[in-house]
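# Close look at the chain arrangement
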Amino acid sequence: MEPKADLSKAYIPSVDVVAREIEGELIIVPIVAGIGDIEDELYALNDPGKAIWEKLDGKNTLKDIIEELSLEFESPKSQIEEDVTGLVDELLKRKMLVEV
Amino acid sequence: MKKPSYYRILKPEEKGLWKKRAPLLTYLDMELTERCNNDCIHCYINLPANDKNAKAKELPPEKIKAILEEAVSLGCLKVRFTGGEPLLREDFEELYIFARKLGLKVIIFTNATLISPRLTEIFSRIPPHEKIEVTVYGMKKRSYEKTTRVPGSFEAAWRGIRLLQEKKVPFVAKGALLPTNKDEIKEVESWASGIPWMDHSFPYSQFFNFRCRRDSDKKNRLIKSLRLPPEEGLKILTRNESEFIMEMKEFCSKFMSPAGRKLFSCGAGNGRGCVDAYGYFSPCILLKSPETNYCLDKGSLKDALTVFFPKIREMRAKNRDYLARCARCFLRGLCSQCPARSWMENGELDTPAEYLCQIAHAKARYLNLLMTGEKAWEVKGWKERLHNFVYTGSPLS
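Residues numbered from 1 in each chain as written. Chains lettered and ligands numbered in written order. Predicted model: local features only at pLDDT ≥ 70, side-chain atom pairs only at ≥ 80, totals over all residues.

## Describing the overall build of chain B
- The helix and strand tally for chain B stands at 15 helices and 12 strands.
- In summary, chain B has a C-alpha radius of gyration of 22 Å against a globular reference of 21 Å for 397 residues, a match within 12%.
- Seen through its C-alpha atoms, chain B measures out along the principal axes to roughly 60 × 60 × 50 Å.
- The proportion of buried residues among the 397 residues of chain B is 42%.
- Considering only intrachain contacts with a sequence separation of at least 6, the fraction spanning at least 24 residues in chain B is 73%. (Helix = DSSP H or I, 4+ residues; strand = E, 2+ residues; numbered from the N terminus. Rg over C-alpha atoms; globule rule 2.2 N^0.38 Å. Buried ≥ 20, exposed ≤ 12 C-beta atoms within 10 Å, placed from the backbone. Contact = placed C-beta atoms within 7 Å.)

## Comments concerning the packing of helix α9 (residues 230-237) of chain B against helix α14 (residues 354-366) of chain B
Residues and elements named next belong to chain B.
- Put simply, α9 and α14 touch, their axes get as near as 9 Å, and they point 55° apart. One element, α9, and the other, α14, form an angle in the oblique class. Here α9 and α14 pass one another in a crossing that is right-handed. Contacts between α9 and α14 involve P230, E231, G233 and L234 from the first element and Q358, I359, A362, K363 and Y366 from the second.
- Residues that form the contact of α9 with α14 fall into these classes: five nonpolar, two polar and two charged. (Axes fitted to C-alpha atoms, helices over the stretch in contact; angles between N-to-C directions. Parallel < 35°, antiparallel > 145°, perpendicular 65-115°, else oblique. Left-handed = near helix turned anticlockwise from the far one by under 90°. Nonpolar A, V, L, I, M, F, W, Y, C, P; charged D, E, K, R; others polar.)

## So, the sheet that holds strand β8 (residues 171-176) of chain B
Residues and elements named next belong to chain B.
- Sheet architecture is open: nine strands sit in the order β9-β8-β7-β6-β5-β2-β10-β11-β12, paired in mixed fashion. Edge strands, defined here as strands with exactly one partner in the open sheet, are β9 (204-205) and β12 (294-295).
- As judged from the two bridges shared by strand β10 (residues 272-275) and strand β11 (residues 280-282), these two strands associate in the antiparallel manner. Across the sheet, the residue bridging to V275 is F281, located in β11. (Pairing = 2+ DSSP bridges.)

## Re the confidence of the model for chain A
- Here chain A averages 87 in pLDDT, while 94% of its residues score no lower than 70.
- No element of chain A has a lower mean pLDDT than strand β4 (residues 42-45) of chain A, which averages 81, and none a higher one than strand β1 (residues 11-13) of chain A, which averages 96. (pLDDT = per-residue confidence, 0-100.)

## A word on the pairing of strand β2 (residues 27-31) of chain B
Residue and element names in this part refer to chain B.
- Among the five residues that make up β2, four are buried, leaving the element largely enclosed by the rest of the structure.
- As defined by bridge partners, β2 adjoins strand β5 (residues 78-82) across five bridges and the pair is classed as parallel. Bridge pairing in β5 places L28 opposite V79.
- Relative to β10, β2 runs parallel, the two being bridged by four bridges. Paired with D29 across the two strands is C274, which belongs to β10.

## Brief notes about the environment of A:A5
All names here are of chain A.
- Following the sequence through the fold, A5 ends up in the segment before β1.
- Separated by 88 residues in the primary sequence, A5 and K93 have C-alpha atoms spaced 9.9 Å apart.
- In this view, A5 contacts L62, T85, V88, D89 and L92; residues no more than four positions away in its chain are not counted.

## Side note on unusual backbone geometry
Residues and elements named next belong to chain B.
- Each neighbour pair has its own omega, and for G83 with G84 the value is 25°, a cis peptide bond.
- For G84, the position within the fold is in the loop between β5 and α3 (92-101).
- In the Ramachandran plot, A112 falls in the positive-phi region, its phi being about 75° despite a non-glycine side chain.
- Mapped onto the fold, A112 is located in the loop between β6 (105-110) and α4 (117-125).
- Residue classification places A112 among the buried residues on the basis of 25 C-beta atoms within 10 Å.
- Positive phi, close to 65°, is recorded for N368, a residue that is not glycine.

Encoded structure:
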């Protein structure tokens, strides 16, 4: 069963990926095989994605992150929660993120 | 279901991630060593694998890592590890993993003789994200080793190739067309067509360069003897005529007028360059003239890219012969003449390379861009011929 985002947990980028900033996007580059859906694909996070990624430091839970982002951005909390859990689900599925 | 707005997936075929602002460095060549465990008859760079002097002068791993880190900080996305034979370096594995952990895609040029089970396992676990390029010198032991002049190199190379195939590590193959292997064209093409990752026909180098460091008259005489006469080489180039014509149209469309006095009309030094085995950074992998090489002991990649290379790119030809011929010639898209090759052939950056001129003229006659006996730099109506060739396919009509 695919791992799913848990609001009570903290997550951190996998050591098997590298993040590089290119023209305002954060490109997630897999280092090892088996990361991502298809070999050679790269993942580009735009501003909302970057903001979420930068808070995934292994110390704050997703609930904490949603709280912080709701203070920083004007979007409703429900929208932020949807974005955060959506992105974390995608990154967990591709093994780009690990639970601490 | 709502489409996520915070990420997108970039496909392998997306050509370059930089769209708005080109970074200072997009691509870096690194010759990890000029030594090679083969001794190919046609090679323009190789030194013996056990050359202690050369080995002692090679960049240590910490310097290579520092260069890679700076390259990444300048926006570089891709590095090519080549040589000589890059796998000859005992620290190759360390350097490769380091480059990958920086997020760089790594192209590897190799003869495959040193591909080991351990290395294949690493390539499988930590993919280079670019196809490894393997040069194949013959399909039989006799032809292969007549080229490489190293007993046992045939078995070693094919063992390496089999390891890559077994572990499904993507690679492509290419060759060098020599008297020692030219009877095997059909056989090698048939084999290459079965490589899952080959998305083009088997490419050959055939109009061999002289020694890039001008370090051996004896080797240059051998290379000269191996060079096919232009018309004969053309027969090989045009064995797939439609592919050849399409390629020539594409080259010509990029160079629709003579170069004039400007020496560097290619991309050399423009967002790219080559660090040689000893820490000199040059605008192009072929360019080894001392005046165009920047010593990285004295400055950084950035210094070279922002100050030194722009000066090189502004260089103008002075040689009278060059000004009378190359500067006025409309066959730029067909001709391999460039400062690097000029230096290899003649020791100057702006001297016509006769062999390359003959090849370009042979191609032009084949494509009906020139009539027999015409010299391209004397043609008055070249604009129309070039335009017709690129856009209608009937240059001399």
